[in-house]
2 protein chains.
Amino acid sequence: MDQKTQFPDSMFLVDVDGHPDGQRHKTLSFSRTPSVLLTFAANRFTRSSARVYMKDYGIGAMDWRMLVMLVREPGCSAARASAAIGIDKGAISRSLARLEAKNLVEYESLESDERRKKWFLSKKGMALHDEILEVALARLRVMLDGFSEQDIQDFNRLLQLFMDNMAKESLS
Amino acid sequence: MDQKTQFPDSMFLVDVDGHPDGQRHKTLSFSRTPSVLLTFAANRFTRSSARVYMKDYGIGAMDWRMLVMLVREPGCSAARASAAIGIDKGAISRSLARLEAKNLVEYESLESDERRKKWFLSKKGMALHDEILEVALARLRVMLDGFSEQDIQDFNRLLQLFMDNMAKESLS
DNA sequence: GATGTTCAATTGACAAGACAACACGGCAAA
DNA sequence: TTTGCCGTGTTGTCTTGTCAATTGAACATC
């Protein structure tokens, strides 16, 4: 467990000159700090995805994720989707409302409790999903240009590990 | 250049059963698709960072990035920060306004053009930066628990490569 | 049978960031 | 000199996601 001190802080820091106080100051390196690169990369990816999906298909990045979710787990509830996608349940609720207004999704209420809903893609929603999936795969291939197969496996493994470590943090 | 077809789509897809139409449908795998893992990881990281920084220091994730930026490039302009952090210049402008209201930053106008400003951290801002930096490094160490030094270098390299590929996309 | 607890879902208030429009000074070309 | 363009910065508006409060049903306990 206690590998936390294995890396010296200097690994992630730069030492900068030119401040008005005449002193040198340390701060995070952009290029050597994984969390910085991670957030930059993800922000830019989400933003450019959102632009593409919105322009060509009229739905946002969030709604696209929801379509994927509903293919993966047909009949899932809003709460389940919230946990799986890691997004607030309020946002999920609104996303489903948007998608329903476009007739892309449908729901079935449980007999036992009218308010609990199981969500499915409509025929139209499935068709849209399949269409966007092609675009998403094409973009993904562009993003992975220059990656070896081993790189991809490493990348996935490291992202997963990073995420798992985050889950640990929130427990404490 | 044309390595784009080197990976079969199946590498990133799952094949799901249990749809109302009785058919099987393919969609993105969460665990094997880098862009999915990337956005999940980054969203969760940013969110939990924002909570920590806001709760303990009263500033958001965006404002923290701005503090780092001003240590890296003392005297930089809003436009420069926008390009470097990859965030809309409007958001930068508001962030600087918030930070100024808290006396964390100061500016100097150019003699030539009153409206053009060079931004610096105030003494108070630098102190806050140094304080938060400790927390950021501690969190980073937690996130990198289980990473080897080679893993970190790979992670940085792959994130950088992914980002560079995105830049290429937007040119076309 | 009454009461309290838990959980799904919705909704309103709010914050952050994207996008677009605009203001304004500098600068270059006519 | 004037005209038009460019680079900066500010601001309004919209979307999206978070947080918190609320509703309403099921279930458990007394």
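The structure this text deals with has already been given above.
Residues numbered from 1 in each chain as written. Chains lettered and ligands numbered in written order. Predicted model: local features only at pLDDT ≥ 70, side-chain atom pairs only at ≥ 80, totals over all residues. Heavy atoms only, no water.

If you had to explain the overall build of chain A to someone new, which residues and values would you point to?
A count of helical and extended segments in chain A gives six helices and four strands. Ordering the α and β elements of chain A from the N terminus gives β-β-α-α-α-α-β-β-α-α. In terms of C-alpha radius of gyration, chain A reaches 21 Å, well past the compact-globule figure of 16 Å for 172 residues. Reported as C-alpha extents along the three principal axes, the dimensions of chain A are approximately 70 × 40 × 40 Å. Relative to its 172 residues, chain A shows a buried fraction of 47%. (Helix = DSSP H or I, 4+ residues; strand = E, 2+ residues; numbered from the N terminus. Rg over C-alpha atoms; globule rule 2.2 N^0.38 Å. Buried < 20%, exposed > 50% of the residue type's maximum accessible area, 1.4 Å probe, protein only.)

Would you mind going over helix 1 (residues 34-57) of chain B in detail, with residue names and values included?
Counted at 1.5 Å a residue, the expected span for helix 1 of chain B with its 24 residues is 34 Å, and the 33 Å between its end C-alpha atoms agrees. Downstream of helix 1 of chain B by one or two residues, G58(B) has phi in the positive range, about 75°. (Expected span 1.5 Å × (residues − 1).)

Can you lay out the packing of aromatic side chains for me, pointing to particular residues and giving the numbers?
Per the stated rule, a full pass over the model turns up 13 aromatic pairs over all chains. Taken together, a centroid distance of 5.7 Å and an interplanar angle of 55° make the contact between Y53(A) and W64(A) tilted. Separated by eleven residues along the polypeptide, Y53(A) in helix 1 (residues 34-57) and W64(A) in helix 2 (residues 61-72) bring together distant segments of the chain. For Y53(A), a relative accessible area of 3% translates into the label buried. Taken together, the ring pairs in this structure connect F45(A), F147(A), F155(A), F162(A), F45(B), F147(B), F155(B) and F162(B) into an aromatic cluster. For K117(A), the ring lying beneath its charged end belongs to Y107(A), and the centroid distance is 4.4 Å. (Phe/Tyr/Trp six-rings, centres within 6.5 Å; stacked < 30°, edge-to-face > 60°. Lys NZ or Arg CZ within 6 Å of the ring centre and 35° of its normal.)

Hey, could you go over the protein's contact with DNA strand C for me, with residue numbers and the actual values?
Around DNA strand C sit 22 residues in total, of which A79(A), S93(A), R94(A), D88(B) and S112(B) are the nearest. Each atom of DNA strand C within 4 Å of the protein was classed as base or backbone; sugar and phosphate made up 56%. Between DNA strand C and A79(A), the relevant distance is 2.8 Å, taken from a phosphate oxygen to a main-chain nitrogen or oxygen of the residue. Between K117(A) and DNA strand C, the recorded distance is 2.9 Å, taken from a side-chain N or O atom to a phosphate oxygen. If one sorts the elements of the surface near DNA strand C by residue count, helix 4 (residues 89-101) of chain A sits on top with four residues. Class assignment of the residues belonging to the surface near DNA strand C gives a composition of six nonpolar, four polar and twelve charged. (Near = heavy atom within 4 Å. Polar contact = N/O pair within 3.5 Å; in protein donor to acceptor, adjacent residues only side chain to side chain. Nonpolar A, V, L, I, M, F, W, Y, C, P; charged D, E, K, R; others polar.)

Tell me about the environment of A138(B), and name the residues and values.
Residues and elements named next belong to chain B. Mapped onto the secondary structure, A138 falls in helix 5 (residues 123-143). The partly exposed category is assigned to A138, whose relative accessible area is 34%. Between the C-alpha atom of A138 and that of F120, which follows or precedes it by 18 residues, the distance is 26 Å.

Quick one: what's the story with the relation of the copies chain A and chain B, residue by residue and with numbers?
Least-squares fitting of chain A to chain B yields an RMSD of 0.1 Å, with the superposition described by an axial translation of 0.0 Å and a rotation of 180°. Expressed as an axis order, the relation between the two copies is that of a two-fold axis. Take the interface residues of chain A: 100% of them recur as interface residues in chain B, which is what a same-surface contact looks like. (Least-squares fit on C-alpha atoms with pLDDT ≥ 70 in both. Contact = heavy atoms within 4.5 Å.)

Which residues make up the interface of chain A and chain B, and what values go with them?
Listed by partner, the interface residues are 83 residues for chain A and 83 residues for chain B. Together, the buried faces of chain A and chain B total about 8200 Å²; carbon and sulfur atoms form 68% of this surface. It is R72(A), R141(A) and D145(A) that lose the most area in chain A upon contact with chain B, and together they represent 8% of the buried surface on that side. Here chain A is connected to chain B by four salt bridges. Between R157(A) and D151(B) there is a salt bridge whose closest N-O contact spans 3.1 Å. Within the residue set of the side of chain A that touches chain B, elements represented by two or more residues are strand 1 (13-16), strand 2 (25-28), helix 1, helix 2, helix 3 (78-85), helix 5 (123-143) and helix 6 (149-171) of chain A. Broken down by class, the residue content of the side of chain A that touches chain B amounts to 43 nonpolar, 22 polar and 18 charged. (Buried area = accessible area lost by both parts, 1.4 Å probe. Salt bridge = Lys/Arg side-chain N within 4 Å of Asp/Glu carboxyl O.)

Could you give an account of the side chain of S82(B), naming the residues involved and the relevant values?
All names here are of chain B. Within the secondary structure layout, S82 lies in helix 3 (residues 78-85). Judged by relative accessible area, S82 falls into the buried class, the value being 13%. Within polar-contact distance, the side chain of S82 engages the backbone oxygen of I87 at 2.6 Å. In contact with S82, not counting residues within four places along its chain, are I87, D88, K89 and I92.

Mind laying out the side chain of S95(B), listing which residues take part and the relevant values?
Following the sequence through the fold, S95(B) ends up in helix 4 (residues 89-101). A distance of 2.7 Å separates a polar atom in the side chain of S95(B) from a polar atom in the side chain of D63(B).

Lay out the packing of helix 2 of chain A against helix 4 of chain A with the relevant residues and their values.
For any two helices packed against each other, one specifies the crossing angle of their axes together with the interaxial distance. All names here are of chain A. Look at helix 2 against helix 4: their axes get within 10 Å of each other, and the N-to-C directions meet at 85°. Classified by the angle between their axes, helix 2 and helix 4 sit roughly perpendicular to one another. Residues M62, D63, M66, L67 and L70 of helix 2 form the contact with helix 4, whose own contacting residues are A91, I92, S95, L96, R98 and L99. Taken together, the residues that form the contact of helix 2 with helix 4 break down as eight nonpolar, one polar and two charged. (Axes fitted to C-alpha atoms, helices over the stretch in contact; angles between N-to-C directions. Parallel < 35°, antiparallel > 145°, perpendicular 65-115°, else oblique.)

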